[in-house]
Amino acid sequence: MPRGNKLVSTLRTSFKRASSSYAASYSIENCPIRSFAKNHPEAARLILETPPFPHRDSSSSSSRSPPFPRDETLEDYLKWRRWDVNIHKILREHRLEEPALESAAGLLSHPLSFPLTLGRHAHRFATSPSKRERRSRRICCVGARSECTLPDDYWREFLIATFVDESRRGWGEDDGRNLALASVFEWIIDFVGPDVPARMKSKSIFLFDHHELHSCPQRTLTMNYHTAFLHDLILRRRREFHNVTTKTDIPLNFDNPQTIQEFWDGFVLFNPGLGHPNLAKQWRSTFQFLCDTGKPILLTAHSTMDARRDMAVIENMHRALSRMDVGCNGYRENPYASRMKFIDPSEPVRVVWCMWFDQIIRCCFCSAQIASML
């Protein structure tokens, strides 16, 4: 199935679920993005197809700095990727009026939300002091769900958004960010959670096609999938270490808290609901464990209410653990949030957006606390 068809099919499934579960005051007709995809499926399929990334073309977007200035928007990224040219052409060919442009951008906002939100903060994970000489960075996506099934072409947007050509200078105000990203050639994401689809196999996607020659080193994104809670995954790694019978390919010793601290360069929690009444208890020990690693944590929230509840959890943990120093500026509106509205399944009267707010926090490392949780 072509990538555009696959994504449209996924969206159609969500439309059907929405129409059966939404409150009477909210339906597909009230959502211009869903209405656009339903009424113009061929145009939606074409819009969802990712444009090429022609590195060798000196006039292309790849010759400019990564598209994450302080006041960035999704429209800025679409223009940077020349996606807007495709959109205007498709709308003209299908004789659609100018108002459809907003719906087209909204349609793209949904699959682009995961890779661009992560790409926006990737430099925070790239500046790990312990791995400055290494060309790879490893991130753990805890409580992963739908992001696991995002088509590869959209996860490739993460590589495109974080690509920095080392041969080009003059990066301006984002020089620090670009310098950190320029040193990373491989990203590894471990998707961990009970809702990760079973039987998904590890895979790697690449920035450049292998049959093309490029002056820049290849950039790679490797994705691993673990259908388990994080603590179960760590316990499994501990058993693998103790059960190993040969000295080849020995797994990491997860008995050592220092090993755990150095294994991941940071963590991502997409819309975790740390303070949600139905989820808070499940998250409490896991989130404390993540904070104790001292690594940066990217958090997103569905709505203002979710952000406030999550911040209350973070602040309460800070007060309870006086030895923990939390570096946190609070949630801010995410320019790459999905613009498609959803109903909170646990609160049917509340409309939410995927990753409407985001923030990065970092806590001090305490090896004794990690050891006590093993």
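Undergrad: I'm lost on the packing of helix α6 (residues 100–120) against helix α8 (residues 152–161) in this one. Help?
TA: Two quantities define a packed helix pair, namely the angle between the helix axes and the distance between the axes. The geometry of α6 relative to α8 is characterised by a closest axis approach of 8 Å and an angle of 40° between their N-to-C directions. When the axis of α6 is compared with that of α8, the two are oblique. The chirality of how α6 crosses α8 is right-handed. Counting all contacts with α6, which are made through L108, P111, L112, F114, P115, L116, L118 and G119, the residues of α8 involved are Y154, W155, E157, F158 and A161. Residue composition of the contact of α6 with α8, grouped by class: 11 nonpolar, one polar and one charged.

Undergrad: Looking at this structure, I do not really get the packing of aromatic side chains. What am I missing?
TA: The final tally for this structure, using the stated rule, is 10 aromatic pairs. Considering the side-chain rings of F191 and Y225, the 5.5 Å spacing of their centres and the 10° angle between planes classify their relative orientation as stacked. Here the residue F191 occupies a position in strand β2 (residues 186–192), and Y225 occupies one in strand β4 (residues 220–226), the gap between them amounting to 34 residues.

Undergrad: Quick question: what am I supposed to make of the side chain of D310 here?
TA: Residue placement: D310 occurs in helix α13 (residues 304–320). Here D310 occupies a buried position and makes no salt bridge, while the nearest side chain of opposite charge, R309, is found at 5.9 Å. When near neighbours in sequence (up to four residues on either side) are disregarded, D310 contacts P272, G273, L274, G275, T300, A301 and Y331.

Undergrad: Is there a simple way to think about the nonpolar core in this case?
TA: Nonpolar side chains in soluble globular proteins tend to end up buried together. The biggest cluster of nonpolar side chains holds 64 residues, and the ones touching the most others in it are F36, L108, L118, W155, W187, F191 and L221. Considering each element in turn, this core owes the most residues, nine residues, to α6. If you look at the next biggest cluster of nonpolar residues, it comprises 27 residues, including C140, L230, I260 and F287.

Undergrad: Even after reading the chapter, I still don't get the packing of helix α3 (residues 41–48) against α6, so can you show me in this structure?
TA: In contact at an axis separation of 10 Å, α3 and α6 are set at 55° when each is read in the N-to-C sense. In terms of orientation, α3 lies oblique with respect to α6. The element α3 and its partner α6 pack so that their crossing is right-handed. Residue-level contacts link A44, I47 and L48 of α3 to A104, L107, L108 and P111 of α6.

Calculation rules
- Residues numbered from 1 in each chain as written.
- Predicted model: local features only at pLDDT ≥ 70, side-chain atom pairs only at ≥ 80, totals over all residues.
- Heavy atoms only, no water.
- Axes fitted to C-alpha atoms, helices over the stretch in contact; angles between N-to-C directions.
- Helix = DSSP H or I, 4+ residues; strand = E, 2+ residues; numbered from the N terminus.
- Parallel < 35°, antiparallel > 145°, perpendicular 65-115°, else oblique.
- Left-handed = near helix turned anticlockwise from the far one by under 90°.
- Contact = heavy atoms within 4.5 Å.
- Nonpolar A, V, L, I, M, F, W, Y, C, P; charged D, E, K, R; others polar.
- Phe/Tyr/Trp six-rings, centres within 6.5 Å; stacked < 30°, edge-to-face > 60°.
- Buried < 20%, exposed > 50% of the residue type's maximum accessible area, 1.4 Å probe, protein only.
- Lys, Arg positive; Asp, Glu negative; His and termini not counted.
- Salt bridge = Lys/Arg side-chain N within 4 Å of Asp/Glu carboxyl O.
- Core = buried A, V, L, I, M, F, W, Y, C linked by side-chain atoms within 4.5 Å.

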